[in-house]
Each structure stands twice: as structure tokens, then as C-alpha cells.
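One letter stands for each residue in the lines below.
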Amino acid sequence: MNLLYAAGMKLICHPNSPYARKVMILARISGIELDEVQPEKDGANGYKAGDNPLGKIPSLEWKPGQFLFDSPVICEYLDAQRDIPLLPNEGHPRVLQLWQHALGDGLSDAIYSYRYETVRPVELHWDEMIARHEASIRNSVMTLDRICEWLRGPWTYGNLAIICALDYADYRAAHIGWRELAPKLSDWHTTFKNDPAWQDTFAYGDVA
């Protein structure tokens with residue numbers, strides 16, 4: 001494995017973030033040791049650490065004083081350090097994995113947006129936008145249920161984002177009941193729960 005910059009790399013992260021968690025899982029299954037640091041929040045500026053002008057996590061210090069973001073970029077970089085990358089080099093297999101990864105991130109986006117729309121004071125709720133985010137969550141999990149046989153296991157470049165998004169759905173959008181909407185997907189998701197990388201990064205208590 002090419003660990004040219006792996007030694008001493010620092011990941012600004014929090015396991016509650018599905019975007020950070022997928023990076024944490026990818027590092028573990030790839031044998032890449034990262035110094036995982038949880039940053040402090042800084043009000044309107046987001047997170048203090050990580051030299052990310054967007055104030056978001058994760059952020060990877062891949063060279064001294066140089067940081068990579070956002071999570072797909074970090075994942076591609078770490079994956080490239082493997083002897084055999086999870087992400088295929090070209091063609092339909094590569095596009096399919098990128099599509100799955102994007103759908104997982106999109107599901108996390110919808111859950112995150114739903115969460116922060118609903119924690120506003122009730123008088124500031126935008127009901128139409130809340131309904132849109134809920135529809136995105138439902139449509140995403142039902143799409144994943146239909147293509148469940150494509151997702152496979154163990155870990156792939158695409159499914160690591162999906163697993164993290166589904167756990168995040170249990171944590172932040174349990175009212176959706178995604179398991180009932182997507183029973184095949186639920187069965188597939190369950191097969192990862194004994195995986196050491198899943199267990200080591202799971203931070204949501206008893207929600208799943």
C-alpha cells in the first residue's frame with residue numbers, strides 16, 4: 001500500500017456525521033491510520049479546526065498544513081492509497097460506484113436538511129420544504145430497495161456512503177420508518193452490523 005502521506009495524517013471529524021464516518025470506515029478497511037480529531041463548533045463559522053473555508057467536516061490534513069475536503073475528495077484520495085482501490089478505474093463499473101456513493105450522500109443531505117429545518121422554532125418551519133426533504137428520504141430508500149442486488153458486500157466505494165446514510169436516517173429521521181419502506185434494503189444493511197469497521201465507528205447508541 002502506498003502510504004506516502006498516510007503517516008501522521010489528521011482527520012477532522014465526528015462520528016455523528018455520516019460524511020465523516022464513511023471516511024473513518026474507509027480508512028479502517030484500508031489499513032490507513034488517521035489521527036481522528038473532533039473539532040469545536042464556532043457559531044456561524046461552523047467548525048474551528050480543519051482549515052475548511054466552508055466550516056464543515058470532515059477535513060483531512062494530508063500534508064503538513066494542507067487540508068482536503070469534502071468527503072468524496074477525501075474518499076478518493078484514501079482509496080487511491082490501497083493496493084487495489086475499491087473504486088474501479090474506468091467505464092460502467094466506476095460510474096455505477098460513483099452513482100451509488102452520490103445517492104448515499106444525497107440521502108444524508110436530505111436527512112441533514114430535514115433535521116435543521118425542523119429544529120427551528122415552530123413559527124419558522126417551512127412546511128413545504130420539510131415535506132420535500134421527507135419525500136427525498138423516502139424516494140431514496142425506495143430506490144435503494146429496488147437496486148439492492150447491485151449494492152453487494154462487503155464494503156464497496158458506493159455502499160459505504162449508503163450504509164452511513166441509513167444509520168443517519170435512524171438517528172435523525174426515525175419517523176420515516178425506512179426499514180418498513182425498504183425491507184430488502186433493511187436486510188442488506190443488517191449484514192454489516194458485525195463488521196468491525198461498522199461497530200468501531202457507530203456512535204448513535206441504541207437507535208439501530
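Use the structure listed above.
Let us look at the structure shown here. (Residues numbered from 1 in each chain as written. Predicted model: local features only at pLDDT ≥ 70, side-chain atom pairs only at ≥ 80, totals over all residues. Heavy atoms only, no water.)

Structural notes on a nonpolar patch on the surface
Right, so step 1: Taken together, Tyr 112, Tyr 116 and Val 119 make up a surface patch of nonpolar side chains, about 280 Å² in accessible area.
Right, so step 2: Here Val 119 is to be found in the loop between helix 3 (91-118) and helix 4 (127-146). (Patch = residues over 30% accessible without salt bridge, like charges linked within 9 Å, V, L, I, M, F, W, Y side chains within 5 Å. Areas by Shrake-Rupley, 256 points an atom, 1.4 Å probe, with all protein chains shown as cover. Salt bridge = Lys/Arg side-chain N within 4 Å of Asp/Glu carboxyl O. Helix = DSSP H or I, 4+ residues; strand = E, 2+ residues; numbered from the N terminus.)

Section: unusual backbone geometry
Right, so step 1: The omega torsion across Ile 57 and Pro 58 is 5 degrees, close enough to zero to call that bond cis.
Right, so step 2: By the element assignment, Pro 58 lies in the loop between strand 2 (35-37) and strand 3 (59-63).
Right, so step 3: Of note, the amide linkage connecting Phe 69 to Asp 70 takes the cis form, showing an omega dihedral of 5 degrees.
Right, so step 4: Position of Asp 70 relative to the elements: it lies in the loop between strand 4 (66-68) and helix 2 (71-80).

A look at the environment of Trp 126
Right, so step 1: Looking at where Trp 126 falls in the secondary structure, it is placed in the loop between helix 3 and helix 4.
Right, so step 2: The spatial distance from the C-alpha of Trp 126 to the C-alpha of Val 95 is 35 Å, given a sequence separation of 31 residues.

Some words on the side chain of Asp 79
Right, so step 1: Among the secondary structure elements, Asp 79 is positioned in helix 2.
Right, so step 2: What makes Asp 79 buried here is its relative accessible area of 3%. (Buried < 20%, exposed > 50% of the residue type's maximum accessible area, 1.4 Å probe, protein only.)

Remarks on the pairing of strand 3
Walk down a regular strand and you will see the side chains alternate between the two sheet faces.
Right, so step 1: For strand 1 (residues 10-12) and strand 3, the ladder comprises three bridges, and the chain directions are antiparallel. Across the sheet, the residue bridging to Leu 11 is Leu 60, located in strand 3.
Right, so step 2: Taken together, strand 3 and the strand that follows it, strand 4, pair antiparallel across an intervening segment of two residues, in which Gly 65 is found at a positive phi of about 75 degrees. (Pairing = 2+ DSSP bridges.)

Details of the sheet that holds strand 2
Right, so step 1: Ordered by their spatial adjacency, four strands build an open sheet running 2-1-3-4, and the pairing between neighbours is mixed. Of all strands in the sheet, those with a lone pairing partner are strand 2 and strand 4, marking the two edges. Averaged over all pairs of adjacent strands, the angle between their axes in this sheet comes to 30 degrees, without regard to strand direction.
Right, so step 2: Pairing geometry for strand 3 and strand 4, over three bridges, is antiparallel. Paired with Lys 63 across the strands is Gln 66, a residue of strand 4.
Right, so step 3: Of the strands in this sheet, strand 3 and strand 4 touch helix 2, which is tilted by about 40 degrees from strand 3. (Axes fitted to C-alpha atoms, helices over the stretch in contact; angles between N-to-C directions. Contact = heavy atoms within 4.5 Å.)

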